[in-house]
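What the coordinates show
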Amino acid sequence: MNQKSEIAFKEALDIFPGGVNSPVRAFKSLDIVPPFIQKGQDQYIFDIDNKKYIDYVLSWGPLILGHSDPRVVESITKQAQNGITFGAPTLLESDLGKTIIERFDTIDKVRFVNSGTEATMSAVRLARGFTKRDLIIKFDGCYHGHSDSFLVKAGSGIATFGTADSAGVPREMAKLTISVPYNDEEAVRDVFNKYGNKIAAVIIEPVAGNMGLVLAKPSFLNSLRDLTNQYHSLLIFDEVMSGFRCDYIGAQNYYNIKPDITTLGKVIGGGLPVAAYGARKEIMNCIAPVGDVYQAGTLSGNPLGMTAGNVTLTSYNEEDFKLASIKVDILCQNIEELANKYGFKVQAPHLGTMFSIFFNNNPVRDFEDSMSSNQELFNAFFIRLLNKGIYFASSQFETNFISLKHSDEDITHTLKMVEETFKELKGEGYAEGI
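The structure displayed is predicted, hence computed values, not measured ones.

Our next topic: the UniProt feature "modified residue: N6-(pyridoxal phosphate)lysine" (unreviewed entry) in the chain. Feature annotation in UniProt assigns "modified residue: N6-(pyridoxal phosphate)lysine" (unreviewed entry) to the following positions: Lys266. One can find Lys266 in the loop between strand S13 (261–264) and strand S14 (275–279). Residue class for Lys266 comes out partly exposed when judged on its relative accessible area of 26%. Not counting the four nearest positions on each side in its chain, Lys266 is found in contact with Trp60, Gly61, Pro62, Val240, Met241, Gly271 and Val274.

Rendered as structure tokens:
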């Protein structure tokens, strides 16, 4: 019983819409009060009722070094003493910019912003400005932030003009975005055959993290690259989540496919609000003050975020990343085996330091598959593990992460709690019909 969290949430309901400042935090589909967190240390978080959790959310991905890494904290503290924000150029911006350009051979120049939403919104504006076209193709279940262009779902046909998924999005804006099924090459080809010379860009999460973790088929991504080349459109890889997570560099490195524009976030801020978009010079030179595509931000490239991001990216190497990825392999393989042992069918797709858990009889390849997963059973699974001190993402439609601080003992303990939970669920009759 999290009494202090219940009191805090009740008060928050009078202050914020739904009691939160981002919808997923409300645990609305779970019908329980979310724990209010007061502290994070390494791989653990602690709520205001002094309960400790092994954290597999890690602020939705950025904390690859774990909570309150001493190197990051020291760098932020030192910079704060010199100044928090200037709204003027600093060497810290150049340091982090050079680090990103060195890692990504598809990026000649980069522009820092403050959120993934801002990065993807700006990338689409840049694509439209560069190509002088208006239409955008996105994919069902891919989330690119909450700007108007992206809050669109598929229509009744396989590749129809979208309708708004949110109140407040003008119908005229929704009509500029075409949403098609993920991993469906023919659907994309049909759209290009019909609207090819009007399509500015295709934007995709090459490793989708917002319908749970769903991997793109290599042939699918290759077809996107071929089609955009053929029709002189741009290919945008939204690597806000997958960057430095699915691979030591990103999905484009894992798949060996070169997008025209890349968006980044999460890890590059080391826990602070930092994101970026980058591309080859001829595209990036369309941005003001060089070109006529306008984008600005007072806090873009703020010194605290720049130093936290640069320290994060330079504080681990590829071998560290591989060792963390092995832990994910072990965790996910054993979750699937334990589920099967107790009569459940679970899919635990994973790549690098990312993973998801679906209660589904079949592999999840697109948004429709994800939506077919048993949410009621997942909710029961999640709540019992939360009570046991295991903090997974609160929905099958979200992605989990591990940090470099998660130990073999953490994985072993988590699997012990997972087995206890499956045993409890089976005893309560949840396995029937699964």
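So that's the structure; there's more coming.
Geometry of an aromatic ring pair is reported as the spacing of the ring centres plus the angle between the planes. Applying the stated rule across the entire model yields 22 aromatic pairs. Where Tyr56 meets Phe392, the ring centres are 5.1 Å apart and the plane angle is 45°; that geometry is what we call tilted. Of this pair, Tyr56 sits in the loop between strand S3 (52–55) and helix H2 (70–82) while Phe392 sits in the loop between strand S19 (390–391) and strand S20 (400–401), placing them 336 residues apart in sequence. What makes Tyr56 buried here is its relative accessible area of 0%. Judged by relative accessible area, which is 3%, Phe392 ranks as buried. Between Phe359 and Phe381, the aromatic rings sit 5.3 Å apart at their centres with planes inclined by 70°, giving edge-to-face as the arrangement. Pair noted here: Phe359 is in strand S18 (residues 358–359) and Phe381 is in helix H13 (residues 375–387), with a separation of 22 residues, a long-range link. Summarising the burial analysis for this pair, Phe359 and Phe381 share the class buried. Here a set of aromatic residues connected by ring pairs shows up, and it is made of Phe27, Phe344, Phe359, Phe378, Phe381, Phe382 and Phe422. Positioned above the aromatic ring of Phe46, the side-chain terminus of Lys39 is 5.6 Å from the ring centre. Above the ring of Tyr44, the side-chain terminus of Lys52 is found at 4.1 Å from the ring centroid.

Before going further, it helps to spend a moment on helix H14 (residues 408–427). Between its terminal C-alpha atoms H14 stretches 29 Å, which fits the 28 Å expected from 20 residues at 1.5 Å a residue. Within the sequence span of H14, burial applies to Asp410, Ile411, Thr414, Leu415, Met417, Val418, Thr421, Phe422 and Leu425. In an axial view of H14, the angular spread of the buried residues amounts to 165°, which keeps them on one side of the axis. Set apart from the buried face of H14 by more than 90 degrees, the exposed residues are Asp408, Glu409, Thr412, Lys416 and Gly427. One or two residues past the end of H14 sits Gly429, with phi positive at roughly 90°.

With that out of the way, let us pick up the packing of helix H11 (residues 318–341) against H14. Orientation of H11 relative to H14, taken along the N-to-C sense of each, is 15°, at an axis distance of 10 Å. Of the possible angle classes, the one that applies to H11 and H14 is roughly parallel. As for how H11 packs across H14, the hand of that crossing is right-handed. Of H14, the residues touching H11 (which contributes Lys327, Ile330, Leu331, Asn334, Ile335, Leu338, Ala339 and Lys341) are Asp408, Ile411, Thr414, Leu415, Val418, Glu419 and Phe422. Tallied by class, residues from the contact of H11 with H14 come to 9 nonpolar, 2 polar and 4 charged.

Bringing the sheet that holds S20 into the picture now. Strands pair in a sheet through their backbones, by hydrogen bonds, and they do so in one of two ways: parallel or antiparallel. Taking strand neighbours across the sheet as the criterion, the 3 strands line up as S16-S17-S20 in an open arrangement whose pairing is antiparallel. Across the chains shown, the open sheet's two edge strands, defined by having one partner strand only, are strand S16 (350–351) and S20. Sheet topology note: the strand S17 (residues 354–355)/S20 ladder contains 2 bridges and is antiparallel. Opposite Met354, over in S20, you have Phe401 as the bridge partner.

Core analysis: the biggest nonpolar cluster contains 41 residues, and Tyr56, Phe344, Phe355, Phe359, Phe381, Phe392 and Phe422 have the highest contact counts within it. Among the secondary structure elements, those contributing two or more residues to this core are strand S2 (44–47), S3, H11, H13, S19 and H14. In this view, Phe392 contacts Tyr56, Val57, Phe355, Ile357, Phe381, Phe382, Leu385, Asn400, Thr414 and Val418; residues no more than four positions away in its chain are not counted. Counting 40 residues, the second-largest nonpolar core is a separate cluster that includes Leu58, Ile199, Phe220 and Leu235.

Considering all chains together, one arrives at 12 salt bridges under this definition. Between Lys405 and Asp69 there is a salt bridge, with the nearest N and O atoms lying 3.1 Å from each other. Here the residue Lys405 occupies a position in the loop between S20 and H14, and Asp69 occupies one in the loop between S3 and H2, the gap between them amounting to 336 residues. As a salt-bridge pair, Arg280 and Asp260 come within 2.9 Å of each other at their nearest N and O atoms. Residue Arg280 is located in the loop between S14 and helix H9 (281–284), and its partner Asp260 is located in the loop between helix H8 (251–255) and S13; the two are separated by 20 residues in the primary sequence.

About the thresholds
- Residues take numbers from 1 onward in each chain, read along the sequence in its written order.
- Thresholds applied to this predicted model are a pLDDT of at least 70 for local features of residues and 80 or more for the giving and counting of side-chain atom pairs; totals over whole chains, interfaces and linings are not thresholded and use all residues.
- Based on all heavy atoms of the structure, the side-chain values leave hydrogens and waters out of the count.
- UniProt positions are given in the numbering used here, feature names are shortened, and annotations may be inferred rather than shown by experiment.
- Helix numbers and strand numbers start at the N terminus; a helix is a DSSP run of H or I with at least 4 residues, a strand a run of E with at least 2.
- A 1.4 Å probe rolled over the protein chains alone gives each residue an accessible area, and that area as a share of the maximum for its type sets the label: buried under 20%, exposed over 50%, partly exposed in between.
- By definition, residues are in contact when any of their heavy atoms lie within 4.5 Å.
- Centre distance within 6.5 Å is the pairing criterion for rings of Phe, Tyr and Trp, where only the six-membered ring of Trp is used; planes under 30 degrees apart are then read as stacked, over 60 as edge-to-face, and the remainder as tilted.
- Here, a charge over a ring is recorded when the distance from Lys NZ or Arg CZ to the ring centre is within 6 Å and its angle to the ring normal is within 35 degrees.
- One less than the residue count of a helix, multiplied by 1.5 Å, gives the span that helix is expected to have.
- Directions drawn from the helix axis to the C-beta atoms are what define this arc.
- Only the contacting stretch of a helix is used when fitting its axis, a line to C-alpha atoms as for every element, and angles between N-to-C directions run 0 to 180 degrees.
- Relative orientations are named as follows: roughly parallel for angles under 35 degrees, roughly antiparallel for angles over 145 degrees, roughly perpendicular for angles from 65 to 115 degrees, and oblique for any other angle.
- Take the far helix as the reference: if the near one is turned anticlockwise from it by less than a right angle, the crossing is left-handed, and if turned clockwise, right-handed.
- Polar here means any residue other than Ala, Val, Leu, Ile, Met, Phe, Trp, Tyr, Cys and Pro, which are nonpolar, and Asp, Glu, Lys and Arg, which are charged; Gly is therefore polar.
- Only strands joined by at least two bridges in the DSSP assignment are considered to pair.
- Among buried residues, the Ala, Val, Leu, Ile, Met, Phe, Trp, Tyr and Cys ones that are joined through side-chain atoms within 4.5 Å form a nonpolar core.
- Only one rule defines a salt bridge in this text: a Lys or Arg side-chain nitrogen within 4 Å of an Asp or Glu carboxyl oxygen.

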